Amino acid sequence: MFLPYGTGCLLARDGKALRQAHSIEEAEYLQDLATEGESLNFSDYSPELSRDFRGLRVWLPVKLHGLDAFRVALDEKLDLARLLHDALREHPTLELPWEPELSIVVFRARAGDAASRELLQEINASGRVFLSSTVIDGRFFLRAAILSHRTHLDRVQEAAEIIRRAAA
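Residues numbered from 1 in each chain as written. Predicted model: local features only at pLDDT ≥ 70, side-chain atom pairs only at ≥ 80, totals over all residues. Heavy atoms only, no water.

Visitor: Quick question: what am I supposed to make of the packing of helix 4 (residues 113-125) against helix 5 (residues 153-167) here?
Guide: If you want to describe how two helices pack, look at the angle between their axes and the distance between the axes. Where helix 4 contacts helix 5, the two axes come as close as 9 Å, and the packing angle between them is 135°. The orientation of helix 4 with respect to helix 5, classified from their angle, is oblique. For the pair helix 4 and helix 5, the sense of crossing is right-handed. Here L119, E122 and I123 of helix 4 come into contact with helix 5, specifically with I162, I163, A166 and A167. In terms of residue class, the contact of helix 4 with helix 5 is made up of six nonpolar, no polar and one charged. (Axes fitted to C-alpha atoms, helices over the stretch in contact; angles between N-to-C directions. Helix = DSSP H or I, 4+ residues; strand = E, 2+ residues; numbered from the N terminus. Parallel < 35°, antiparallel > 145°, perpendicular 65-115°, else oblique. Left-handed = near helix turned anticlockwise from the far one by under 90°. Contact = heavy atoms within 4.5 Å. Nonpolar A, V, L, I, M, F, W, Y, C, P; charged D, E, K, R; others polar.)

Visitor: How should the sheet that holds strand 3 (residues 132-136) be read in this particular structure?
Guide: Hydrogen bonds along the backbone pair up the strands of a sheet, which may run parallel or antiparallel. Strand order across the open sheet formed by four strands is 1-2-4-3, with antiparallel pairing between neighbours. Edge positions in the sheet fall to strand 1 (94-95) and strand 3, since each has one partner strand and no second. Two elements, strand 1 and strand 2 (residues 104-109), share two bridges in a ladder whose sense is antiparallel. Of the residues in strand 2, the one forming a bridge with L94 is A109. Contacts from helix 3 (residues 67-88) reach strand 1, strand 2 and strand 4 (139-145) within the one sheet, and its direction differs from that of strand 2 by about 20°. (Pairing = 2+ DSSP bridges.)

Visitor: For this particular structure, what's the right way to read the nonpolar core?
Guide: What tends to happen in soluble globular proteins is that the nonpolar side chains get buried as a cluster. With 25 residues, the main nonpolar core has L84, F107, L119, I123 and L131 as its most contacted residues. Looking at this core, the elements with two or more residues in it are helix 3, strand 2, helix 4, strand 4 and helix 5. Residue contributions to this core peak at seven residues, all from helix 5. Setting aside chain neighbours within four positions, we find I123 in contact with F107, V129, L131, L142, I162, I163 and A166. (Core = buried A, V, L, I, M, F, W, Y, C linked by side-chain atoms within 4.5 Å. Buried < 20%, exposed > 50% of the residue type's maximum accessible area, 1.4 Å probe, protein only.)

Visitor: Sorry, what's going on with unusual backbone geometry here?
Guide: Glycine aside, residues mostly have negative phi angles, and peptide bonds mostly take the trans form. Despite not being glycine, D137 has its phi angle at roughly 50°, a positive value. Note on D137: relative accessible area 76%, which makes it exposed.

Below, the structure is given as structure tokens:
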């Protein structure tokens, strides 16, 4: 939802498995907490025991802008990822092994890892686009992550042109 890190949550069907993943058997300073049946013990659901008021970080933007604003922004980022993928997939020197499922487009140079690393350096040297990389199944890939609420069509079109030029 374009909110600060640490604002997320985890929803789980199996509360027992979640408690087991986060519980601490020998934390003496927790001895005064109620037992399982009496009240909710948040330390069994999260690695953090002391928490700030993170709910405000979600509630306030939703209250100010409404959920539709977030839906529209997310739809835009998904569309932009598809646009970038489509703009790169026909390039003869690029390999795009997967369709974007979310807002990240993964690609590499067909010439291999060394060429992909050089491609990443050249793209980032433009100063206009910053891509990251990853290794999947021992192969080096570039990642275009379209995540910022400030990223719009003009930026993605510019990124596509920079990538195509560098790949040529």
